[in-house]
Amino acid sequence: MTRPYRLAHDHILIAVRLTPNGGRDAFDGVEVSADGLAHLKARVSSVPEKGKANKALIALLSKALKVPKSSISVASGDTARQKILRIEGDPEDLKSRLDALASTSELTCLQPWRARSSRE
């Protein structure tokens, strides 16, 4: 499976596709685009003005990975939906956190919410 991140010696770069005004703050999994590159799909309820959506994305990712917000910055795509985020820290530790987040039962925060019908 293609991963939406790249490791460097003191940080990790993660590709994100952000949907502002998404109704809730959540991750919707990893998607591979037509060009073969993977990105983490995220949605936030904040509006895309004056950096509010970017701040909400950083807060969401910070909480999910249990890293301080100050260690996450937007490397590119400040005003675009497609963004590259830089997360400072040990890249191997961050990689394992991202992989664990995507592969464990904690993935419920990454999966789109769906209502259960009374028949299930």
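Scroll up to find the structure this text is about.
No experiment lies behind these values; they were computed from the predicted model shown. (Residues numbered from 1 in each chain as written. Predicted model: local features only at pLDDT ≥ 70, side-chain atom pairs only at ≥ 80, totals over all residues. Heavy atoms only, no water.)

**Q** Can you help me understand the overall build of the protein chain in this one?
**A** Broken down by element type, the protein chain carries 2 helices and 6 strands. Secondary structure elements of the protein chain occur, N-terminal to C-terminal, as β-β-β-β-α-β-β-α. The proportion of buried residues among the 120 residues of the protein chain is 36%. Considering only contacts in the protein chain between residues 6 or more positions apart, those separated by 24 or more positions represent 55%. (Helix = DSSP H or I, 4+ residues; strand = E, 2+ residues; numbered from the N terminus. Buried < 20%, exposed > 50% of the residue type's maximum accessible area, 1.4 Å probe, protein only. Contact = heavy atoms within 4.5 Å.)

**Q** Would you take a moment to explain helix α1 (residues 52-65) for this structure?
**A** Helical geometry note: an α-helix holds 3.6 residues per turn, so side chains three or four residues apart project in the same direction. In this model, α1 (14 residues) spans 20 Å end to end at C-alpha, consistent with the 20 Å of a helix rising 1.5 Å per residue. Counting buried positions along α1 yields 10 of 14 residues, so the element is predominantly enclosed. Taken together, the buried positions of α1 are occupied by Ala 53, Asn 54, Ala 56, Leu 57, Ile 58, Leu 60, Leu 61, Ser 62, Ala 64 and Leu 65. Among the residues trailing α1, Lys 66 stands out with phi positive, at a value near 60°. (Expected span 1.5 Å × (residues − 1).)

**Q** What should I look at first to understand the environment of Ala 53 in this one?
**A** Take Ala 53: it is sitting in helix α1. Considered as a pair, Ala 53 and Asp 25 are 28 residues apart in the sequence and their alpha carbons are 10.0 Å apart. Discounting chain neighbours no more than four positions away, the residues touching Ala 53 are Leu 18, Pro 20, Val 44, Ser 46, Val 47 and Pro 48.

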